[in-house]
Amino acid sequence: PEATGKPYLDGIFYNPPAEEEYVWQNERPARDGRRLKIYEAHIGMSGEEAKVSTFKEFKEKVVPQVAKLGYTAIQIMGVAEHALYASF
């Protein structure tokens, strides 16, 4: 792309007129008063042992700790194979 003189990526902002704006189909969910606090997790690397952890181990060992710390959401990162797990 650089050889053509055109940018590799070109962001476009679209601000539609009012008559084309998206109309939500459902009401916004009620809030329980808690703030969103997200715990980011790599399930395979979540254990203390020198092995790839399982979803069951994550559920039994990590989730209770995350809840105890007051997190309100868990973001599970994608499953991927890495050449060197120690690099994380």
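Parameters at a glance
- Residues numbered from 1 in each chain as written.
- Predicted model: local features only at pLDDT ≥ 70, side-chain atom pairs only at ≥ 80, totals over all residues.
- Heavy atoms only, no water.
- Helix = DSSP H or I, 4+ residues; strand = E, 2+ residues; numbered from the N terminus.
- Buried < 20%, exposed > 50% of the residue type's maximum accessible area, 1.4 Å probe, protein only.
- Contact = heavy atoms within 4.5 Å.
- Core = buried A, V, L, I, M, F, W, Y, C linked by side-chain atoms within 4.5 Å.
- Patch = residues over 30% accessible without salt bridge, like charges linked within 9 Å, V, L, I, M, F, W, Y side chains within 5 Å.
- Areas by Shrake-Rupley, 256 points an atom, 1.4 Å probe, with all protein chains shown as cover.
- Salt bridge = Lys/Arg side-chain N within 4 Å of Asp/Glu carboxyl O.

Asks: Sorry, what's going on with the overall build of the chain here?
Replies: Summing up its helical and strand segments, the chain has 1 helix and 2 strands in all. N-terminal to C-terminal, the α/β element order of the chain is β-α-β. Going through the 88 residues of the chain one by one, you find that 8% of them count as buried. The long-range fraction of contacts in the chain, counting pairs at least 24 apart against all pairs at least 6 apart in sequence, stands at 56%.

Asks: Is there a simple way to think about the nonpolar core in this case?
Replies: Nonpolar side chains tend to gather and get buried jointly when the protein is soluble and globular. By size, the foremost hydrophobic cluster in this structure holds 5 residues: Ala41, Ile43, Phe58, Val62 and Val66. When residues of this core are assigned to their parent elements, the largest contribution, 3 residues, is made by helix α1 (residues 55–68). Discounting chain neighbours no more than four positions away, the residues touching Ile43 are Ser53, Thr54, Phe55, Phe58 and Ile76.

Asks: Would you mind going over a nonpolar patch on the surface with me for this structure?
Replies: There is a patch of nonpolar side chains on the surface, built from Phe55, Val63, Ile74, Ile76 and Val79 and spanning about 480 Å² of accessible area. Among the secondary structure elements, those contributing two or more residues to the nonpolar patch are α1 and β2 (73–76). Secondary-structure assignment places Val79 in the segment after β2.

Asks: Help me understand the pattern of salt bridges, please; the structure alone is not making it clear to me.
Replies: Here the idea is simple: oppositely charged side chains can pair when their charged atoms come close. For the structure shown, the criterion picks out 2 salt bridges. When the shortest N-O distance is used, the salt bridge between Glu49 and Lys61 registers 3.7 Å. Here Lys61 lies in helix α1 and Glu49 lies in the loop between β1 (38–41) and α1, a separation of 12 residues in the sequence. Glu57 is paired through a salt bridge with Lys51; the nearest N and O atoms lie 2.7 Å apart.

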